[in-house]
Every structure is written in structure tokens, then in C-alpha cells.
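A closer look at the structure
Each chain, written out:
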Amino acid sequence: MSIEQLEETAQAMVAPGKGIIAVDESNATIGKRFAAVGVENTEEHRRAYREMLLTTPRLGEHISGAILYDETLRQATRTGVPFTRIMTEAGILPGIKVDKGPVPLAGFPGDVVTEGLDGLRPRLKEYAALGAKFAKWRAVIAITEDTPSGTCIESNCHALARYAALCQEAGLVPMVEPEVLMDGSHDIDVCYEVTEATLRSLFSALYEHGVMLEGTILKASMVIAGKDCREQADVEDVAEATLRCLKSTVPAALPGIVFLSGGQSDEKATAHLDAMNRMGSKPWPLSFSYGRAMQQAALRLWAADMTGNFAKAQQTVFQRARDNGLAAMGRWKG
Ligand code: 13P
């Protein structure tokens, strides 16, 4: 795989007015989402739900790629067409979540570190052969009175850099995701400090590991007050703080930044992205890689009547894609 091909894929992921849908919930995580709407967590339900999402008519107009979970990458529609073929025909790049999730960081109560590096090289080779064009690894940084430690930030960024280098070796664009969680009562300034420290550490580790930034995508969390903070920043403040933080830490060589929604409402996730894209010039396209903020309305509809509401659920997926696509260009009308 040439450098040019990695660059081309990375640029296609953040093409104007397009973003990513995250459909990469592990079986345990989708089980929680299903439980909330009264759906049993079986392989067939997971397959049918992902079929509804991925076969949404005209999804490729606003969606450049979808991140899948291992099981989903190997699945097919009810009539036997592999999901990867459906996506490729719709102009949607197949992506794959390759981390194995966070575990407690020994010696640092409250901190976690993401696992999954052992055996990653052959797994990436297999995913590339199955049609994946990019991969995702999520590090989790939790804010409390005592966390994150510097060791937590460093360990997670070191793992992200090792994963990213292995991806590029395998011809996959690494999407590096250091998620600073919204859980907690901290204010937006604390989130800013932690996000800034994390991104500085991340780009230093990527440099140390020889990762080519031109073939890398950052999946970032927004700079936002904790969910339980009494003082919630307004849309303009979140947009301004996030942009300021990114501009001071993320090299201009990066082809693009996409955001996670992290528990924000659908409306807020779109409004924040739109506001950032209205704020004048920036070195990279800013788009979305939303999971919940793309899916939650559709999941409720689908769960209420899986076959009867199939088309209605798809309509909401399309609307969310269109709204976020407009926000990626600063043209969402609210
Ligand atoms: P949310 O948008 O629901 O945070 O999910 C995005 C994601 O992929 C987190 O890793």
C-alpha cells in the first residue's frame, strides 16, 4: 500500500459535507443499547439492526465511511449480500474497530488503558483482506478529582501510536480516538486542560513512532463541561474552546478531524459541529463520526416494530446524516 493510497482514503473520509457513522458497538455495548429499548441481544437482531442502518437509501450522499465491529464486518443482508459489498456500492468506506476495550490501569485507581495490541498485526492483515479501508482505536480518559494521571495519558497515547503505525503498515488509515469522557461534574476549563494535555501527548507519540500524519484521521471529543456540571457552556463557547484547543495541538498536516458525540443530544452534537465550521478558517476539515447521535432516534423506531418501521427508521438515519453533513460545512439551519 502506497502513502498516496493512505492519503487518498483519509481525504475521502472527510470529503466536503460527508462524515462517518459509527456502528462499531461491541456485542456487550449494543446489548446495553438494545436493553434500553427492549430488544433481546441476539446475533440475528444485531445483524438485522445493522442491515437497517447500512442499507439506508442514499446514505452515501452524506456518509463517507462506517466503522463496524468484527462480527458485523463478516455479516450480510437477509438475502446474503455481504455488508462490505453493500457499502462499497453505496460509496461508503468500510472501517473496523480493532481495540479490545479499556481495562483498569494497574497502580492508578480510576484510570483505564485500552488493550488490543497483542496479535494486532495479523488481525489488521485479515481485516484489510475482508475489505476494511480504515481502523479505529479508542482510548478513554476519565476526569475525576484524581484522574487522569500523566501515566494514563502517556500509556494510552503510546498504545494509539503503536496501533497507528501497524495500521499504516497494513494499508489501513488509522483513526486515532482519545476520548475525554463527559461523565462528571468538572467544568469546561478542566476539560480543556485535559484535552490539551492528551492531544499534545498523542501527537508527540505519533511522531516518535513514525506515523505519517497525512494518512491519519483524528477522532476527537469536544471541549465541553461534564454532564453533571451546574454551569453548562453554550454552543458558541463549546465550539470556540474546542477549536482553540485543536488549533494549538493538532498539526496542519492532518487531513481531517471527526468528532464523537459522547452522550450529547442529537441536536447539540449537530449544533456544535455547525458552529465550529462557521468560525472562519481552520487548517483541517471538521466533520463527524457519531454513533449515538446518528442512531438513537432510528434505534427507538426500529425496536418498536422491526419490520413495520424499517423504512421510517432509515428515514431518520438519512436525516441525521444530512443534518450532520450540512453541519460539516457550516450550513445547518437548525
Ligand atoms: P458516540 O458518538 O456515541 O460517542 O460513539 C462514537 C464512537 O465511536 C465512540 O468510540
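Owing to the predicted nature of the structure, the values given are computational and were not obtained by experimental measurement. (Residues numbered from 1 in each chain as written. Predicted model: local features only at pLDDT ≥ 70, side-chain atom pairs only at ≥ 80, totals over all residues. Heavy atoms only, no water.)

**Looking at the site of the ligand**
Near the ligand there are 13 residues, and of these K136, K219, S261, G262 and R292 occur at the shortest range. Interatomic distance of 2.6 Å between a side-chain N/O atom of K136 and an oxygen atom of the ligand. Take K219: an N or O atom from its side chain is 2.8 Å from an oxygen atom of the ligand. Bound to the protein, the ligand loses 92% of the 300 Å² it would expose on its own. A molecule is said to occupy a pocket when more than half its atoms come within 2 Å of that pocket's grid points, and by this definition the ligand occupies the largest pocket. Those elements that place two or more of their residues in the shell around the ligand are β6 (134-141) and β10 (286-290). Of the residues belonging to the shell around the ligand, the class tally is 3 nonpolar, 4 polar and 6 charged. (Near = heavy atom within 4 Å. Polar contact = N/O pair within 3.5 Å; in protein donor to acceptor, adjacent residues only side chain to side chain. Areas by Shrake-Rupley, 256 points an atom, 1.4 Å probe, with all protein chains shown as cover. 1 Å grid on protein atoms, 1.4 Å probe; cavity = no way out; pocket = protein on both sides within 12 Å on 5 of 7 lines; lining within 4 Å. Sits in = over half its atoms within 2 Å of the grid points. Helix = DSSP H or I, 4+ residues; strand = E, 2+ residues; numbered from the N terminus. Nonpolar A, V, L, I, M, F, W, Y, C, P; charged D, E, K, R; others polar.)

**Details of the state of the cysteines**
Enumeration over the complete set of coordinates arrives at 0 disulfides. The closest cysteine sulfur to the non-disulfide-bonded C152 is located on C157, 8.6 Å from its own sulfur. Cysteine C245 is unpaired, with the sulfur of C191 as its nearest cysteine sulfur at 7.9 Å. Here C245 falls in the buried class, since its relative accessible area comes to 1%. (Disulfide = S-S within 2.5 Å. Buried < 20%, exposed > 50% of the residue type's maximum accessible area, 1.4 Å probe, protein only.)

**Focus on the layout of surface pockets**
Where empty space is left becomes clear once a probe the size of a water molecule has been rolled over the atoms. Of the pockets and cavities examined, the largest pocket occupies roughly 820 Å³. Every residue lining the largest pocket is counted, 34 residues in all, and those nearest its centre are E25, T29, R33, K97 and R138. When contributions to the lining of the largest pocket are tallied by element, the ones reaching two or more residues are α2 (27-36), α6 (120-129), β6, β7 (173-180) and β10. For the lining of the largest pocket, the element with the most residues is α2, which contributes 4 residues. (Points joined across faces, edges and corners; volume = space filled by probe spheres on them.)

**Quick notes on the sheet that holds β10**
With parallel pairing, 8 strands are arranged side by side around a closed barrel as β1-β2-β3-β6-β7-β8-β9-β10. Put simply, the sheet's adjacent strands are angled 25 degrees from each other on average, direction ignored. (Pairing = 2+ DSSP bridges. Axes fitted to C-alpha atoms, helices over the stretch in contact; angles between N-to-C directions.)

**Points about the packing of helix α3 (residues 43-54) against helix α12 (residues 310-327)**
At a minimum axis separation of 9 Å, α3 and α12 run at an interaxial angle of 55 degrees. Comparing their axes, α12 and α3 come out oblique. Helix-helix and strand crossings are classified by hand; for α3 and α12 the assignment is right-handed. Between α3, through A48, E51, M52 and L53, and α12, the contact on the second element is made entirely by F310, A313, Q314 and V317. Counted by class, the contact of α3 with α12 contains 6 nonpolar, 1 polar and 1 charged residues. (Parallel < 35°, antiparallel > 145°, perpendicular 65-115°, else oblique. Left-handed = near helix turned anticlockwise from the far one by under 90°. Contact = heavy atoms within 4.5 Å.)

**A short note on the packing of aromatic side chains**
The tally for this structure, following the rule as stated, stands at 5 aromatic pairs. Measuring from centroid to centroid gives 5.7 Å for F288 and Y290, while their planes differ by 40 degrees, and the two rings are tilted. No difference in accessibility class separates F288 from Y290, as the two residues are buried. (Phe/Tyr/Trp six-rings, centres within 6.5 Å; stacked < 30°, edge-to-face > 60°.)

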